[in-house]
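Chain and residue survey
The primary structure of each chain is shown beneath.
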Amino acid sequence: MWAADALTIVLVTSVAVAVALFLSDGGAAGFGSFAGMLTSMGVIAGLAAMDLVLVMFLLSARVPIIDRTIGQDKALLVHGSLGEPILYLLLAHGALLLLGYAATEGISPVAEALSLWASGLDLRWAVLSLVLFVLVAGTSVIAVKRRLPQEIWHGIHLLTYAAVALSIPHQFSLSGLFAPGTIQRWYWIALMVLTGAAVLTYRVLLPTIRSLHHQIRITRVTEVAPGVATIDMTGRDVERLNTRAGQYFIWRFLTPDLWWQPHPFSVSARPTPTSLRITVRNLGAGTAKLMSIRPGTKVAIEGPYGIFTEAARASAQVLLIGSGIGNSPIRGLLEDLTFPYGSATVILRASRPNEVYLLDEISALCEQRGARLFVLTGPRATWNSSWLPASAVASGYTMTSYLPPGQVPDVYVCGPLPWTDLVLADARNAGFPSENIHSERFAL
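Residues numbered from 1 in each chain as written. Predicted model: local features only at pLDDT ≥ 70, side-chain atom pairs only at ≥ 80, totals over all residues. Heavy atoms only, no water.

1. Some thoughts on the sheet that holds strand 7 (residues 318-323)
Across the sheet, five strands lie side by side as 9-8-7-10-11; this open sheet has parallel pairing. What marks the edges here is a single partner per strand, and that holds for strand 9 (372-377) and strand 11 (437-439). Looking at each pair of strands side by side, their axes are set apart by 15 degrees on average, direction ignored. As defined by bridge partners, strand 10 (residues 410-414) adjoins strand 11 across three bridges and the pair is classed as parallel. (Pairing = 2+ DSSP bridges. Helix = DSSP H or I, 4+ residues; strand = E, 2+ residues; numbered from the N terminus. Axes fitted to C-alpha atoms, helices over the stretch in contact; angles between N-to-C directions.)

2. Things to note about the pairing of strand 9
Relative to strand 9, strand 8 (residues 344-350) is paired through six bridges, and the arrangement is parallel. Among the inter-strand pairings, Val346 is bridged to a residue of strand 9, identified as Leu373.

3. Some thoughts on the environment of Leu59
Its place among the elements puts Leu59 in helix 2 (residues 34-60). Taking the relative accessible area as the measure of exposure, Leu59 reaches 9% and is therefore buried. Linking Leu59 and Lys74, residues 15 residues apart in sequence, is a C-alpha distance of 9.1 Å. If we skip the residues at most four places from it in the chain, Leu59 touches Ile66, Gln72, Ala75, Leu76, Val78, His79 and Leu82. (Buried < 20%, exposed > 50% of the residue type's maximum accessible area, 1.4 Å probe, protein only. Contact = heavy atoms within 4.5 Å.)

4. Points about a nonpolar patch on the surface
Together, Trp117, Leu121, Trp125, Val127, Leu128 and Val131 line one region of the surface with nonpolar side chains, adding up to about 540 Å² of accessible area. With respect to the helices, strands and loops of the structure, Leu128 is situated in helix 7 (residues 121-139). By relative accessible area, which is 35% here, Leu128 ends up partly exposed. (Patch = residues over 30% accessible without salt bridge, like charges linked within 9 Å, V, L, I, M, F, W, Y side chains within 5 Å. Areas by Shrake-Rupley, 256 points an atom, 1.4 Å probe, with all protein chains shown as cover. Salt bridge = Lys/Arg side-chain N within 4 Å of Asp/Glu carboxyl O.)

5. Describing the sheet that holds strand 5 (residues 275-281)
With respect to topology, six strands assemble into an open sheet ordered 4-3-6-1-2-5, the strand pairing being antiparallel. Edge positions in the open sheet fall to strand 4 (263-266) and strand 5, since each of these has one partner strand only. For this sheet the average axis-to-axis angle between neighbouring strands, irrespective of direction, equals 40 degrees. Here strand 2 (residues 228-234) pairs with strand 5 via seven bridges, running antiparallel. Bridging from a neighbouring strand, Ala229 pairs with Val280 of strand 5.

Here's what the structure looks like:
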């Protein structure tokens, strides 16, 4: 918790430092006139935007300290939330500078825009950079994103790197802000180099090295239910990955039609020194092909990621709640978590009995470890926003109805996102502390 607070402080402080360096290096003097004020505010908007873009890159770079502190899913949620304010800051940067320069020279904004456009290639690159940022932001709107295939949206999103690269030349050549010998110049160079190194290391080099070294291959594909399969894999020095049950990898199955598709799947059993296991469901064109993938297929990996593990524990008791393919990490956690015999409860939720995936394995583990098991099937109540079936809601049941009286366990939840949100709300309504409530949204 303290580490998460520290990361938040670093994020906020980074913006403050960027602005403070500008103000202390003569930027404050610009506020002495109206034109200077517009120009200085435009510079500040640009600096804040650039700093937040670098923060975005770090949050999506899968840096271990960030993943181990808040989890990759929460890091990407923050990453996504920064896109809109960054776009507004960039638009303000361009508009305020244009108005400030025009007021200083006593000409119209249109004339100033034409003058700036003719000033050189660096500014044109900067304008193209802004266009790319607008494109990325536009495709990130939920209504648009849902209509685009994941691979196309992800490819467009990668244009952010090109946008940043195109914006860098004008920062050093046009404003004089990062003049040679200034603290600002070295500060921003260091920030850009360190961010680029983090992205290159943790998004490219480390996954490539791990994939080449561990040589993960599929050994068996077993259908466990219609449209659901368990994939067993072996590799070299698998124990050195230090994978815990509940964590996930981003998998690339190296066949001609699948190698370019990244899939985030959690491990569905406690990893061994030589093997990993996942359980996947046919949810679309990409996952459909995994149902018939052949043993011997090589697999590239990124990970492991996430803190949906023993590391998040705050209580001796455990409540595991899964639905659909979310039963996969629940099954792994049930096998891996440490808890006294009889102090764990497992709830599996489904609309129909045949959708309670991995029930046989989970039932056997519950019997072995003394965990209480509840299988709740049936449609949800139409009159109540509850994750429970209508029959349970009609009987007045809540989450605590399935727990021993007075128990405040660690609650691990995995399932479809809208359903998961309802479970988490029920846990909060039950008075469970936030540090006892754990969920993870897989993301690329």
